[in-house]
Amino acid sequence: MDNEQKAQDVVRCDVCDTPVPLLHCDFCQIYLCKACIGGHMLDLSKKHQVVPFQERRSSLNYPYCSEHVKEQCKHFCEQCDISLCVYCITNGNHQNHNPVDICGILKRKKIEIQEDIEELDKSFSPKYKEIVNNITLQKTDLNKNSEKLTSAIDKHGEVWHREIDTIIQKLKSDLDEVDAKHLALLNKQEDEITRTISEITQSIADLKKLLDSNDVSRVSAYKSRIAEFRRLPPKLTVSLPNFTPQKINPEQFYQQFGSLSAISITTEEHGYTMETSEAGSSPLKPLLDEPRIISTIQTQYRGLGNGLLSVTCHNDEEIWTCGDNNKMMSLYMLKGEVMKSIQTNSKNDPWDIAVTRTGDLVYSDYNARTVNIVNNTQKQTVIRLRG
């Protein structure tokens, strides 16, 4: 039969699917048409109570006794919280418990059920729907805020890019200015030396002519320029500029760029408010419903006689450990490396360990009856029991 047509029918026979059945078996809790009533009654494995459709669920379907399997339980022992048949009562096990008629229990339970239905329908359901609507609004606000912050981060990034581009252009401009000064000095010296070379060349030519001349006056008037040319021009040495890039510190760079404020979550239960924060000096984190393994570490502890006794977290990446018959307390990284080990003052096994808020290791010494604190490598007894 078509599912859509079946969904439109109010009631159908549970055996043959005939619409609008006229009968109902209160014991089996099924609807029956006239054609199916005979076959249903022939099932002798259980009792049947067939009534007209309008009188359905008017007959009580009593439970069968777990001890006297063929007897129905029409009484209830409130002290033992079990249904009783007539044999259970007459046997004497519940005579002093004042068994009551199970119909009274049924009526009381139905009143309780009706009250629960009304409370669920009128109070809990609207409240939970209100909470869901509030979560939807918070998700919308979360998306809007995320888009707003993303845009702000992008704009701030553009400002930083412009500043960096400005710095780059300034350095290039400074380099061009230095190069221009250097080049001007070199060009000036080059021009002067080129001019001197021309004078030397001209002097050589003039002197050759003078050497071949018989003109006494000209030869007598010659004055040597060797001393002038012997004074060589000064050697010009200019140190070339260097670029020294500063090492980028990602953490400092990140802090200078900007940061997101800590997310604060307020959980209200029964009028009490507990603040939790994802950032801060001592954030309160909600407990997990189920434990989660974040790391498996191979330690020095191997079982009986040398087993792991206690573990405490130093921070998110390090844990302190101590064990049986072992006077050392070891600090492990989550990856498994041993960072350091510390021996107790008395060389006795530590009974237990903990970490203070400031990160100092605290251990108890059962034999010495002391509680000790370790700051770096300095150990100090803070409590000593007497007696």
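Residues numbered from 1 in each chain as written. Predicted model: local features only at pLDDT ≥ 70, side-chain atom pairs only at ≥ 80, totals over all residues. Heavy atoms only, no water.

**Quick word on the overall build of the chain**
Okay, so step 1: The number of helices and strands found in the chain is 7 helices and 16 strands.
Okay, so step 2: Here the chain holds 387 residues, and the buried ones make up 17% of them.
Okay, so step 3: Counting only contacts in the chain whose residues sit at least 6 apart along the sequence, the fraction spanning at least 24 positions is 30%.
Okay, so step 4: Approximately 31000 Å² of the chain is accessible, and the part contributed by carbon and sulfur atoms is 54%. (Helix = DSSP H or I, 4+ residues; strand = E, 2+ residues; numbered from the N terminus. Buried < 20%, exposed > 50% of the residue type's maximum accessible area, 1.4 Å probe, protein only. Contact = heavy atoms within 4.5 Å. Areas by Shrake-Rupley, 256 points an atom, 1.4 Å probe, with all protein chains shown as cover.)

**Describing the pattern of salt bridges**
Okay, so step 1: With the rule as written, the count across this model stands at 6 salt bridges.
Okay, so step 2: Residue Glu130 pairs with Lys127 through a salt bridge whose shortest N-O separation is 3.8 Å. On the criterion of helical spacing, the pair formed by Glu130 and Lys127 is a turn pair, its members being 3 residues apart in helix H4 (residues 102–211).
Okay, so step 3: Take Glu130: its relative accessible area is 46%, and that puts it in the partly exposed class.
Okay, so step 4: Glu228 is paired through a salt bridge with Arg225; the nearest N and O atoms lie 3.0 Å apart.
Okay, so step 5: With relative accessibility at 31%, the residue Arg225 sits in the partly exposed group.
Okay, so step 6: When salt bridges that share partners are traced, they join Glu199, Arg225 and Glu228 into one network. (Salt bridge = Lys/Arg side-chain N within 4 Å of Asp/Glu carboxyl O.)

**Notes on the confidence of the model for the chain**
Okay, so step 1: Chain-level pLDDT for the chain is 82 on average; 90% of the residues reach the 70-or-more range.
Okay, so step 2: Confidence scores differ between elements of the chain, with strand S8 (residues 272–277) showing the lowest mean pLDDT of 38 and H4 the highest of 91.
Okay, so step 3: Across residues 1–8, confidence stays below pLDDT 50; counting only partners more than four residues off in sequence or on other chains, it has 6 contacts.
Okay, so step 4: For residues 270–284, every residue scores under 50 in pLDDT, and the model assigns this stretch 22 contacts once sequence neighbours within four places are set aside. (pLDDT = per-residue confidence, 0-100.)

**Quick word on the sheet that holds strand S2 (residues 30–32)**
Okay, so step 1: Sheet architecture is open: 3 strands sit in the order S2-S1-S3, paired in antiparallel fashion. Only two strands of the sheet have a single neighbouring strand rather than two, namely S2 and strand S3 (50–52). Going from strand to strand, the sheet's axes swing by 35° on average, the running direction of each strand aside.
Okay, so step 2: Where strand S1 (residues 23–25) lies against S3, 3 bridges are found, and the strand directions are antiparallel. The residue of S3 that forms the bridge with Cys25 is Val50.
Okay, so step 3: Here helix H2 (residues 34–41) sits on the sheet in contact with S1, S2 and S3, set at roughly 125° to S2. (Pairing = 2+ DSSP bridges. Axes fitted to C-alpha atoms, helices over the stretch in contact; angles between N-to-C directions.)

**Section: the nonpolar core**
Okay, so step 1: Among the nonpolar cores identified, the biggest contains 9 residues, and these are Trp320, Cys322, Met329, Leu331, Ile342, Ile353, Leu361, Tyr363 and Val374.
Okay, so step 2: Sorting the residues of this core by element identifies strand S10 (318–323), strand S11 (328–333) and strand S14 (361–365) as the ones contributing at least two each.
Okay, so step 3: The next biggest cluster of nonpolar side chains, apart from the first, holds 8 residues, and it includes Cys13, Leu23, Phe27 and Cys36. (Core = buried A, V, L, I, M, F, W, Y, C linked by side-chain atoms within 4.5 Å.)

**Quick look at a negative patch on the surface**
Okay, so step 1: Residues Glu115, Asp116, Glu118, Glu119 and Asp121 make up a contiguous surface patch of negative charge.
Okay, so step 2: Here Glu115 lies in helix H4. (Patch = residues over 30% accessible without salt bridge, like charges linked within 9 Å, V, L, I, M, F, W, Y side chains within 5 Å. Lys, Arg positive; Asp, Glu negative; His and termini not counted. Charge placed at Lys NZ, Arg CZ, Asp CG, Glu CD.)

**Examining unusual backbone geometry**
Okay, so step 1: Positive phi outside glycine occurs at Asp17, with the angle close to 75°.
Okay, so step 2: The class for Asp17 is partly exposed, based on a relative accessible area of 22%.
Okay, so step 3: Positioned with a positive phi, Val20 is a non-glycine residue whose angle comes to about 50°.
Okay, so step 4: When you line up the elements, Val20 lands in the loop between helix H1 (3–8) and S1.

**Re the pairing of S14**
Okay, so step 1: Burial runs high along S14: 4 of the 5 residues are buried.
Okay, so step 2: By the bridge criterion, 5 bridges tie strand S13 (residues 350–355) to S14 in an arrangement that is antiparallel. Following the sheet pairing, Pro350 is matched in S14 by Asp365.
Okay, so step 3: Linking two consecutive strands that pair antiparallel, namely S13 and S14, is a turn of 5 residues; a positive phi of about 95° is found at Gly359 within it.
Okay, so step 4: Strand direction decides the pairing type here: S14 and strand S15 (residues 370–375), joined by 5 bridges, are antiparallel. Across the sheet, residue Leu361 finds its bridge partner in S15, namely Val374.

**Points about the packing of aromatic side chains**
Okay, so step 1: Under the definition given, this model contains 3 aromatic pairs.
Okay, so step 2: Summarising the aromatic geometry, the rings of Trp160 and Phe257 are spaced 5.1 Å apart at their centres and angled 65° between planes, so their arrangement reads as edge-to-face. Of this pair, Trp160 sits in helix H4 while Phe257 is found in helix H7 (residues 250–257), placing the two residues 97 residues apart along the sequence.
Okay, so step 3: A relative accessible area of 25% means that Phe257 is categorised as partly exposed.
Okay, so step 4: When the ring of Trp351 is compared with that of Tyr366, the centres are 4.6 Å apart and the planes differ by 25°; the resulting orientation is stacked. Pair noted here: Trp351 is in strand S13 and Tyr366 is in the loop between S14 and S15, with a separation of 15 residues, a long-range link.
Okay, so step 5: Following the ring pairs from residue to residue traces out a cluster consisting of Trp160, Phe253 and Phe257. (Phe/Tyr/Trp six-rings, centres within 6.5 Å; stacked < 30°, edge-to-face > 60°.)

**Thoughts on the environment of Ile226**
Okay, so step 1: By the element assignment, Ile226 lies in helix H6 (residues 226–230).
Okay, so step 2: The sequence separation of Ile226 and Ile200 amounts to 26 residues, and the corresponding C-alpha distance is 9.6 Å.

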